[in-house]
2 protein chains.
Amino acid sequence: MLTGMASSPASARVPQEERTRAMRARLLEATVDCLVERGFAGTSTTLVSERAGVSRGAQLHHFPTKNALVVAAVEHLTEKRGAELAEAAATLPIGPSHTRAVLQVLGDHFASPVFAAALELWNAARTDPALLAAVAPLEQRVGRETHRLTVELLGIDESVPGNRELVQATLDLVRGLGLANTIGNDARRRGRILDRWAEVLEREIP
Amino acid sequence: MLTGMASSPASARVPQEERTRAMRARLLEATVDCLVERGFAGTSTTLVSERAGVSRGAQLHHFPTKNALVVAAVEHLTEKRGAELAEAAATLPIGPSHTRAVLQVLGDHFASPVFAAALELWNAARTDPALLAAVAPLEQRVGRETHRLTVELLGIDESVPGNRELVQATLDLVRGLGLANTIGNDARRRGRILDRWAEVLEREIP
DNA sequence: CAACAAACAGTCAAGCCTGACTTTTTCTTG
DNA sequence: CAAGAAAAAGTCAGGCTTGACTGTTTGTTG
């Protein structure tokens, strides 16, 4: 390849960092894909490097161990999660079925591959102390953020006793629906349940 | 050991079957324990045989492959599940806090090691077609049974529109709570949420 | 009581995964 | 433009898991 013009040293400094960033991104996305398709145990570092089109040496340069790779993938996933939710929240209709629409966004989110990858990590962390130490605080952070977003979207006053628990229940419900979805995909069932829950929420929260 | 009296051939026929049954039971329980402690990937057939005090040959005699062993463990687990729930349901108080008591039973059940083991299998089956084929129908059966039991315990009339969905939501909620419990054990949070849920249920279901 | 069958026990090679090591390419700096 | 440093690529040995193979004990049957 050409080395470019020597007169502008700043322009030559970019490519290196840019390539590094791109390589990391490719590795992390490949890791997430592997997690979704093959699960944590089925995700070998060799497989990730192959899929990302990155050499094994390069991979080990960025992420010395499998855990380091996966933990970094969690962070990456977190950002993806946040971006997805924020994007979906931005296009919400304001009308009589607002509550239902919010539940749909949440339900879809917890039924997406993103949730599957997170579930893999979550489950793996349950029996792996090192992973747990890295995942637990992150998940807590994400949980709080999701809670905050849900409160905002539903326009709930948390100072009213019981309202906070209702939001938590809603999130745990969609988490449970997401879990059920991983084995037997059943969007119709999910829809009916969320229909009913929207009714309840609107009656409980003035 | 003594061969016993020759006049009663039936008494001598028992020990063999009994030992076989006991050996299978030891293997299955050891498998479940391993699943809970180390997860699906961390459960090696060697480890199971060691923990069960069963030789490797004997193990392979009963269960030729790891999948066969784990699938059998699922069945075993299913019975354990059913027994636990039935037992807990038998000692329920009948009074004003009946709904809350039922939720407590369900919540506790989905926060127990039994759920952890089931979750391991569930998750592993997501990316393992052979395992999925064995687990899916079983889980469906258990799900229906749990639903039936919940309807019975809560004394719900499912012919009323919306009631069925409310029961399903309840089960998905406790599933979500169980999932959250696997990483950050938080019985207090769970209790508050179930308190609130009980309020909702009693108001929604006459 | 002796012979046969089934359950049980132990050993082992093939295959895979992880992470350390060595070489090559690419970018920066004087 | 040349030399040095950093990133990327490729190779490989050690450890672990699985399931096949062979030997031994226990229970049954004539």
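Attention in this report is confined to the structure presented alongside it. In this text the structure is predicted, and so the values were computed from the model without any measurement. (Residues numbered from 1 in each chain as written. Chains lettered and ligands numbered in written order. Predicted model: local features only at pLDDT ≥ 70, side-chain atom pairs only at ≥ 80, totals over all residues. Heavy atoms only, no water.)

Quick word on the interface of chain B and chain A
Taken together, the contact pairs 40 residues of chain B with 40 residues of chain A. Of the roughly 3,600 Å² buried at the junction of chain B and chain A (both faces included), carbon and sulfur atoms supply 59%. Our enumeration of links across chain B and chain A arrives at ten salt bridges. At the boundary of chain B and chain A, one finds 16 residue pairs in polar contact (both at pLDDT 80 or more). Looking at the side of chain B that touches chain A, the elements that each hand over two or more residues are α1 (9-42), α6 (113-126), α7 (129-154), α8 (163-183) and α9 (187-204) of chain B. The dominant element in the side of chain B that touches chain A, judged by the number of residues it contributes, is α8 of chain B, at 14 residues. (Contact = heavy atoms within 4.5 Å. Buried area = accessible area lost by both parts, 1.4 Å probe. Salt bridge = Lys/Arg side-chain N within 4 Å of Asp/Glu carboxyl O. Polar contact = N/O pair within 3.5 Å; in protein donor to acceptor, adjacent residues only side chain to side chain. Helix = DSSP H or I, 4+ residues; strand = E, 2+ residues; numbered from the N terminus.)

Let's talk about the relation of the copies chain B and chain A
For the pair chain B and chain A, the relating rotation is 180°, the translation along its axis is 0.0 Å, and the fit reaches an RMSD of 0.1 Å. The relationship between the two copies is best expressed as a two-fold rotation axis. Interface residue correspondence from chain B to chain A reaches 100%, placing this contact among same-surface, isologous pairings. (Least-squares fit on C-alpha atoms with pLDDT ≥ 70 in both.)

Re the packing of aromatic side chains
In this description, an aromatic ring pair is defined by two values, namely the gap between the centres and the angle between the planes. What the rule picks out here adds up to three aromatic pairs over all chains. Judged by centre distance (4.6 Å) and plane angle (20°), the ring pair of Trp-197 of chain A and Trp-197 of chain B falls under stacked. Residue Trp-197 of chain A is found in helix α9 (residues 187-204), and its partner Trp-197 of chain B is found in helix α9; the two belong to separate chains. By relative accessible area, which is 1% here, Trp-197 of chain A ends up buried. Note on Phe-110 of chain B and Phe-115 of chain B: the rings are 5.5 Å apart at their centroids and 55° apart in plane angle, and the pair reads as tilted. The pair formed by Phe-110 of chain B and Phe-115 of chain B is uniform in burial state, with each residue classed as buried. The lysine or arginine in question, Lys-66 of chain A, covers the ring of Phe-40 of chain A, its NZ or CZ lying 4.3 Å from the ring centre. (Phe/Tyr/Trp six-rings, centres within 6.5 Å; stacked < 30°, edge-to-face > 60°. Buried < 20%, exposed > 50% of the residue type's maximum accessible area, 1.4 Å probe, protein only. Lys NZ or Arg CZ within 6 Å of the ring centre and 35° of its normal.)

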